[in-house]
Amino acid sequence: MRVSLARFVLKRPETSAVVVTAILVTFLTITTGGTWLSFANLQSVSRITAVLAIMAFGEALVISTGEVDVSVGSVFAMGALIFIGVGRTVNLGVALLLALGGGLLIGLLNGAVVAFFRVPSLIVTLGTLFLFRGIAYGVTEGFYFGASDEVRSRLIFNVMGGANLGGVNVAVLWALVALLVLHVVMFYMPMGNRILAVGGNAASAYSRGVNVARVRLIVFALSGLLAAFAGMLDAASIGYVDGSFGELMELEAIAAAVLGGCSLVGGRCSLLGTLLGAFLLRAVGSYLVILGIQPQWFILLLGVIVVLASLSDRVLTKLLFRLQQR
Amino acid sequence: METERAPLISLRNVNLWYGTVQALRDVSVDFYQGELVGLVGDNGAGKTSLVNIISGIVAPTSGEVYLDGQRITSFHPKLAIDLGVETTQQSVGLCDNLSIARNYFLGREPVRRIAGIPFIDLGKMRKEGRKAITAFGLRESVDVDGEVALLSGGERQAFKIARAVYFRSRILIMDEPTNNLSVRERERVNDLAVQLKDQSLLVIYITHDIFQIHRIADRFIILENGAKVADVPRNLMSAEDLERIIREGVGNDAGSPRSG
Ligand SMILES: Nc1ncnc2c1ncn2[C@@H]1O[C@H](COP(=O)(O)OP(=O)(O)OP(=O)(O)O)[C@@H](O)[C@H]1O
Ligand SMILES: [Mg+2]
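None of the values given here were measured: they were computed from a predicted structure.

Colleague: Is there a simple way to explain the environment of Leu92(A) in this structure?
Modeller: Residues and elements named next belong to chain A. Mapped onto the secondary structure, Leu 92 falls in helix 5 (residues 92–117). Residue classification places Leu 92 among the buried residues on the basis of a relative accessible area of 0%. For the pair Leu 92 and Phe 157, spaced 65 residues apart in sequence, the C-alpha to C-alpha distance is 7.3 Å.

Given below as structure tokens:
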């Protein structure tokens, strides 16, 4: 009985993320004398967690197939720039479609090169990372795009990140919807089964009739779509966007997914864990802000967290294996 | 040619190159419905390569493939499966990270549609997966929700065969199906191959166990260095002769290396 409970707990990929989150929240709250747990701080942490989580969900799907998408930070910027840029000059509805469509297209481009030419995804998406970051800097020319008061009052703008409901930003609701939908797709629909199969053993999946190229195309497309969506939500709630928007966020998205229990070699995925991973990173970030520590140190801390998480993943896997041998 | 029946599968002058390695050389062969064909030959003779073409894993570099007299022009496992080819592969077919139930139905998951959205029928996957486990002499303790990685070599093999038998339709290809199996399970697989043939399936059976296959097959195809060197009905060749040919070769390859 004791062993089977332990087995169940260890079998869940998000276990280490849950444990680390619980310890961390306690630590952050105590060491800031309760400030960290204040409503104002939680409000901001929940919003920035939601934005990162939506991007990280897409990354988690890509990682589940054994690939990686490092272009998401740039796609995030494109989504934000198109939404605000086109929204203030043309029309918000058109801007929404173009922003999401743009993200989807970049994802499809990444996916097509990976799926049909078998170019390593790190290389392909590194290319699109530079390409679209260059475009982001190019179109903003060192300035930023801001949303006018008129635009900010529009319904689409509010639904897409502008509004707070009961103090909680709509991005949080969007993240929960995305979590629910993607969790169902991954674990209760054929597509999820095939995504995990491709990550586990692509040749075996292929031999069973799985269209491996299509699976790869789909996860990259979703990753692009979600990154653009996250960028839009973030830009709408802040109200402006510049060329550096979302820079280095791809690393946080990868870290969130890995912290959450997604295996970088593929075949193992947890979206709930990814949400917790995103929360962990953003919680630590806000802690540094409260303590008045320079944000540059966050990068260092990010590195430490990722290394520790990958180590704990190894330890957990070994423990799990030993338990299953019984 | 040799019979008035039309072949189910027909390969014509098939060549297959893996880069600079020629795995199949000008192979022409017919397979008929309701026969059990033993495909034999030395390691690296091209047996797996030949069946990989039929099950859509690889496309021939040149030559023609016909199914029901229809020329096959695109090669993809999904297409082969849809046309009725079920295969137990030699080295692929299982995803270690997925549960037994999920592996069983991988690629053709049973679904229940709610508002048109396909949800995996987990209940059915578990039930059929469990049936396969018990029917195929896997340990009672094997859990359908457990990862395939936890199965032993023989259990993995038994699982692959059970799955292929479950999904069988017209053509069953078994690539060294008795590897890792106990004597009892081996008997079982051989009996099954005969039964399926009697149900008028075409069974293509690859093995290195010449005496076993000689007992059950109707016909043997011998490959040597990628070329077909013999295609004989059982009554025209003894098991000893069969073995001798495989061991000594027919010596018509003029010493040409496989790679070049
Ligand atoms: N994917 C591949 N890439 C390169 N060469 C390959 C590949 N698959 C097979 N070969 C080569 O093609 C030749 C035929 O291999 P094949 O697997 O068809 O032999 P086989 O008759 O099935 O052998 P065995 O009895 O050992 O399974 C061998 O020389 C092998 O090295
Ligand atoms: Mg072989």
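Colleague: Would you mind going over the nonpolar core with me for this structure?
Modeller: Generally speaking, a soluble globular protein has its nonpolar side chains buried in company with each other. Counting residues in hydrophobic clusters, the biggest one holds 102 residues, and the most contacted among them are Phe57(A), Phe83(A), Leu271(A) and Leu281(A). With residues near it in sequence (within four places) discarded, Phe83(A) still touches Leu92(A), Ala95(A), Leu96(A), Ala99(A), Ile156(A), Phe157(A), Met160(A), Met232(A) and Ala236(A). Among the nonpolar cores identified, the runner-up in size contains 46 residues, and Ala101(B), Met125(B), Ala164(B) and Ile246(B) belong to it.

Colleague: Any chance you could explain the coordination of the magnesium ion (ligand 2) here in plain terms?
Modeller: The textbook angles at a metal center are 109.5 degrees for a tetrahedron of four donors and 90 or 180 degrees for an octahedron of six. Residue and element names in this part refer to chain B. Taken together, Thr 48 (OG1) and Gln 90 (OE1) make up the protein donors of the magnesium ion (ligand 2), found 1.9 to 2.2 Å from the metal. On the criterion of sequence distance, the pair formed by Thr 48 in helix 1 (residues 47–54) and Gln 90 in the loop between strand 6 (85–88) and helix 3 (100–104) is long-range, its members being 42 residues apart. Thr 48 sits in the partly exposed class, given a relative accessible area of 24%. Given a relative accessible area of 35%, Gln 90 falls into the partly exposed group.

Colleague: Help me understand a nonpolar patch on the surface, please; the structure alone is not making it clear to me.
Modeller: On the surface, Ile290(A), Leu291(A), Ile293(A), Trp297(A), Leu300(A), Val304(A), Val307(A), Leu308(A) and Leu311(A) cluster together into a nonpolar patch covering about 800 Å² of accessible area. For Val307(A), the position within the fold is in helix 15 (residues 296–325).

Colleague: I'm lost on the interface of chain B and chain A in this one. Help?
Modeller: Accessible area lost upon the coming together of the parts is a frequently used measure of interface size. Contacts between the two partners involve 31 residues from chain B and, on the opposite side, 23 residues from chain A. Roughly 2,300 Å² is buried in total at the junction of chain B and chain A, and carbon and sulfur atoms are behind 56% of that figure. In this structure, Arg208(A) and Glu86(B) form a salt bridge, with 3.1 Å as the shortest nitrogen-oxygen distance. Counting across the interface, chain B meets chain A through eleven residue pairs in polar contact (both at pLDDT 80 or more). Of all the secondary-structure elements, those providing two or more residues to the side of chain B that touches chain A are helix 2 (77–82), strand 6, strand 8 (117–120) and helix 5 (153–167) of chain B. Here the side of chain B that touches chain A gets four residues from one element, more than from any other, and that element is strand 8 of chain B. When the residues that make up the side of chain B that touches chain A are grouped by side-chain class, the tally is 17 nonpolar, seven polar and seven charged.

Colleague: Just to check I follow, could you spell out the pairing of strand 1 (residues 9–18) of chain B for this structure?
Modeller: Residues and elements named next belong to chain B. In this structure, strand 1 lies alongside strand 4 (residues 62–67), joined through five bridges in antiparallel fashion. Along strand 4, the bridge assignment pairs Ile 9 with Leu 67. Examined bridge by bridge, strand 1 and strand 2 (residues 21–31) share seven bridges and lie antiparallel to one another. Residue pairing for strand 2: Val 14 is matched across the bridge by Val 27.

Colleague: How should the confidence of the model for chain B be read in this particular structure?
Modeller: Across chain B, pLDDT averages 90, with 94% of residues at or above 70. Model confidence for the complex: the whole-complex pTM is 0.91, and ipTM, which rates the interface, is 0.91.

Colleague: Whenever I open this one, the sheet that holds strand 9 (residues 171–175) of chain B confuses me. Can you help?
Modeller: Residues and elements named next belong to chain B. Read from one edge of the open sheet, six strands run 6-9-10-3-11-12, paired in mixed fashion. Both edges of this open sheet fall to strand 6 and strand 12 (227–233), since each of them pairs with a single strand only. Geometrically, the sheet is characterised by an average inter-axis angle of 15° between neighbouring strands, direction not taken into account. Where strand 3 (residues 36–41) meets strand 11 (residues 219–224), five bridges bridge the pair, whose relative direction is parallel. In the sheet register, Gly 38 faces strand 11, and the bridge partner there is Phe 220. Contacts from helix 5 reach strand 6 and strand 9, with the element oriented near 170° to strand 6.

About the thresholds
- Residues numbered from 1 in each chain as written.
- Chains lettered and ligands numbered in written order.
- Predicted model: local features only at pLDDT ≥ 70, side-chain atom pairs only at ≥ 80, totals over all residues.
- Heavy atoms only, no water.
- Helix = DSSP H or I, 4+ residues; strand = E, 2+ residues; numbered from the N terminus.
- Buried < 20%, exposed > 50% of the residue type's maximum accessible area, 1.4 Å probe, protein only.
- Core = buried A, V, L, I, M, F, W, Y, C linked by side-chain atoms within 4.5 Å.
- Contact = heavy atoms within 4.5 Å.
- Donors = N, O, S within 2.8 Å, 3.2 Å for Na, K, Ca; no water.
- Patch = residues over 30% accessible without salt bridge, like charges linked within 9 Å, V, L, I, M, F, W, Y side chains within 5 Å.
- Areas by Shrake-Rupley, 256 points an atom, 1.4 Å probe, with all protein chains shown as cover.
- Salt bridge = Lys/Arg side-chain N within 4 Å of Asp/Glu carboxyl O.
- Buried area = accessible area lost by both parts, 1.4 Å probe.
- Polar contact = N/O pair within 3.5 Å; in protein donor to acceptor, adjacent residues only side chain to side chain.
- Nonpolar A, V, L, I, M, F, W, Y, C, P; charged D, E, K, R; others polar.
- Pairing = 2+ DSSP bridges.
- pLDDT = per-residue confidence, 0-100.
- Axes fitted to C-alpha atoms, helices over the stretch in contact; angles between N-to-C directions.

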